[in-house]
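One letter stands for each residue in the lines below.
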Amino acid sequence: TQDKLQAVVNPAKCVSCGICLGACDSGGIVFGDQPLTPFSEDVATRLRQVREGASRHTVGPSPNGKTPPPVLLVYACRLMTHLEGRLRDDGTLAEAPGMTVLGLPCVGMLHPEMINKSLAFGAAGIFIAGCIPDDCAYREGSLCLEERLTGKRLPTLKSSPEGRLRVR
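Residues numbered from 1 in each chain as written. Predicted model: local features only at pLDDT ≥ 70, side-chain atom pairs only at ≥ 80, totals over all residues. Heavy atoms only, no water.

Caption draft 1: Structural context of the pairing of strand β3 (residues 71–77). For β3, the tally of buried residues reaches six of seven residues, placing the bulk of the element in the interior. In this sheet, strand β5 (residues 123–129) lies alongside β3 in parallel orientation, the contact comprising six bridges. Paired with V71 across the two strands is A123, which belongs to β5. In the sheet, β3 pairs with strand β4 (residues 99–104) via six bridges, with the strands oriented parallel. (Buried < 20%, exposed > 50% of the residue type's maximum accessible area, 1.4 Å probe, protein only. Helix = DSSP H or I, 4+ residues; strand = E, 2+ residues; numbered from the N terminus. Pairing = 2+ DSSP bridges.)

Caption draft 2: Geometry of the environment of L87. Relative to the elements of secondary structure, L87 occurs in the loop between β3 and β4. A residue is classified by how much of its surface remains accessible, and L87, at 33% relative accessible area, is partly exposed. The spatial distance from the C-alpha of L87 to the C-alpha of V101 is 7.9 Å, given a sequence separation of 14 residues. Setting aside anything within four residues of it in sequence, one finds L87 in contact with T92, L93 and V101. (Contact = heavy atoms within 4.5 Å.)

Caption draft 3: Looking closely at the pattern of salt bridges. Per the counting criterion, the structure on display carries three salt bridges. For R86, the salt bridge identified is with E95, shortest N-O distance 2.5 Å. Judged by its relative accessible area of 42%, R86 is partly exposed. On the basis of relative accessibility, which here comes to 55%, the residue E95 falls in the exposed class. Among the salt bridges present, the one from E147 reaches R153, with a minimum N-O distance of 2.9 Å. (Salt bridge = Lys/Arg side-chain N within 4 Å of Asp/Glu carboxyl O.)

Caption draft 4: Main features of unusual backbone geometry. P155 follows L154 through a cis peptide bond whose omega is -10°. Note that P155 resides in the loop between α4 (141–149) and β6 (165–167). Phi is positive for S16, which is not a glycine, with a value near 65°. By the element assignment, S16 lies in the segment before α1 (19–23).

Caption draft 5: Structural context of helix α3 (residues 112–120). Burial in α3 covers these residues: P112, M114, I115, S118 and L119. Within α3, the buried residues cover an arc of 155° as seen down the axis, which keeps them to one side. Immediately downstream of α3, the backbone of G122 shows phi near 120°, a positive value. (Arc of directions from axis to C-beta.)

Caption draft 6: A look at the side chain of S142. Considering the arrangement of structural elements, one finds S142 in helix α4. Overall, S142 belongs to the buried group, its relative accessible area being 12%. Looking at S142, its side chain comes within polar contact range of the main-chain oxygen of C131, at 2.9 Å. Ignoring sequence-local partners within four residues, the contact set of S142 consists of V107, G130, C131 and C136. (Polar contact = N/O pair within 3.5 Å; in protein donor to acceptor, adjacent residues only side chain to side chain.)

Remember, this is a structural readout, not a statement about activity or role.
Pasting the structure below:
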């Protein structure tokens, strides 16, 4: 039998940016004994909670009485200070109950597969806010993600979510 190879993070060289997660097509990155997976369950739970909270804040019933309000999911670099102190524990802003922000160590850690998974989990749209490429604290995280989304770097975004993805 062939042994499976598994990537392992060297803690002495790791700066905790997570870019390796976005780069690994198989999701096989391991840190110590813990596999690192990109937030799948957390994203699904967060979207459900925000959708339920937004429906409590919606004025009047939805057109069919059953459709929950849309939730915009924002993936943002945690180093973006303009949101600091404004986000609730669930990532929402008081003035935008149908939006939730998930802070990432670096947007370069966002695996392209997570975009389509997030939409499948119920996000109406996704906005990705990364650092200015020349001012990225973790090398070129924003550039890495941009290249994955445009097909210039592996892994690539396999299907394009028509009109439901914005990157800045």
